[in-house]
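Structural description and commentary
Chain by chain, the residues:
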Amino acid sequence: LVIVDEASQSDLWALPAILRGKKILVVGDDKQVSPDGGFIAAQQIALLRQRFLGDQPFASDMTPEKSLYDLAARIFASNQVMLREHFRCVAPIIAYSNRFYGNAIRPLRIPLASERIDPPLVDIFVPAGFRDSKERNKHEAEAIADEIGAILANPALQGRTLGVVSLLGMEQAKYIDELVRSRFPATELLRRKFTCGEPRAFQGSERDIVFLSMVADRERHHALSRMGHEQRFNVAASRARDRMYLVRSVELVELSDVDLRRGLIEHFSQPAVVQGDRDDNPIHLCESGFERDVYTRLTERGYRVIPQVQVGGFRIDMVVEGADDKRLAVELDGDEFHGADRWTHDMNRQRILERAGWTFWRCFASTWLLHKEEVFAELLSRLHQMQIEPIGALGQLATLVEHRIWQPPSMDREADEVDRVI
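The following paragraphs examine the structure supplied in this document. Keep in mind it's a predicted model, so treat the numbers as computed, not measured.

1. Describing the sheet that holds strand β6 (residues 162-166)
- Strand order in the open sheet made by the 6 strands is β7-β6-β8-β9-β5-β14, with parallel pairing throughout. Strands at the two margins of the open sheet, each flanked by one partner only, are β7 (195-197) and β14 (401-405). Pairwise comparison of adjacent strand axes, ignoring direction, gives a mean angle of 15° for this sheet.
- Note that β6 and β7 share 3 bridges and pair parallel. Bridging across to β7, valine 164 finds its partner in cysteine 196.
- Packed onto the sheet, helix α6 (residues 170-183) meets β6, β7 and β8 (207-213) and runs at close to 155° relative to β7.
- Packed on one face of the sheet, helix α10 (residues 260-269) meets β5 (121-125), β8, β9 (240-248) and β14 and runs near 115° to β9.

Right, here's the structure in full:
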């Protein structure tokens, strides 16, 4: 068996590798960056194809800009399987890329307490930013460098890995890289796996925190709408695990309806992610008297309990959180809605979530009704075994997006002077 991973990045030079196997498994994503077929004479390609591939039924797909994945998807169209489960990004981040897949992706990762960064999306508008003749936006670069400095100085974000993606050319990535490396210790940046580049440089990679530099300004922002642009935006916006920054110098109303930048800004304005109902009293989220009873007993003992936790297309009845990232998923099955005909479905759902790292404890309503004290003692015992101890109620629910405006220091000083004069 020959397995070709990241096949959407592999050009036709990978073909000899598959001749080594009796079976091949081609893994890739046609929504991510494909090989670059630019600067190759189309006439020369046509002559070579006619000369060497005249009898090949798939000759039209064997060109430099096509990937091995494209070719496999064409030849073995009936044998394709889409992997829908997503384990990298938190839901508010991957929700943008999900639109490229017809919203078929199931984001299954709920970050542990030590991983969680609130909010997961930060939109930084740079009114003074402009795109120069070298395709750089220096003010956006300075805004990113300032924020990286704040991250490095924040003990709560110690050890978080960092990446910066330029959404328009390598010159911006080079400029940001030089600026950041001139300000901060090389050893710390190495420890943070700091990298700057275009989306292609990050394909198959990830960072805890990723910055997207839009580069375009109010005057220079011709629409980006081709398939290649979609692939780059998709890769760029799906590299961050826990927080993604959008640093931009253009506003929504200034962009064309077909411009991909518009969709990205809209996502940071209102992420297409299900948050569930927000309520000052979480017990109101419980869907039955059974759930409210269990929730009340646990919270009265000081446990941190979160009802109706959304995980991809699933919901967990309640999650009990403890210190040091420990947590238990509690499923409370009402007999009316979780009879024998639903058991297979429930178990399949549980197995999917167990692959995402969840541990479950289940109980039927009838068992709870007949043996309440014994069952609750069993739940407490399970929590104790997992070293989940009472740590108090959950604080206020965090927002998904933070909006900021960044000004160059010189402009801030000018504004202060005007204020003093006034």
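2. Details of unusual backbone geometry
- Along the chain, aspartate 118 connects to proline 119 via a cis peptide bond; the corresponding omega equals -5°.
- Structurally, proline 119 is set in the loop between β4 (106-107) and β5.
- Backbone geometry at glutamate 135 places phi at a positive 60°, although glycine is not the residue there.
- The partly exposed category is assigned to glutamate 135, whose relative accessible area is 25%.
- Positioned with a positive phi, glutamine 308 is a non-glycine residue whose angle comes to about 50°.
- Looking at where glutamine 308 falls in the secondary structure, it is placed in strand β10 (residues 304-311).
- The exposure class assigned to glutamine 308 is buried, which follows from its relative accessible area of 14%.

About the criteria used
Residues numbered from 1 in each chain as written. Predicted model: local features only at pLDDT ≥ 70, side-chain atom pairs only at ≥ 80, totals over all residues. Heavy atoms only, no water. Pairing = 2+ DSSP bridges. Helix = DSSP H or I, 4+ residues; strand = E, 2+ residues; numbered from the N terminus. Axes fitted to C-alpha atoms, helices over the stretch in contact; angles between N-to-C directions. Contact = heavy atoms within 4.5 Å. Buried < 20%, exposed > 50% of the residue type's maximum accessible area, 1.4 Å probe, protein only.

Functional significance is not addressed by these values, which are geometric in nature.
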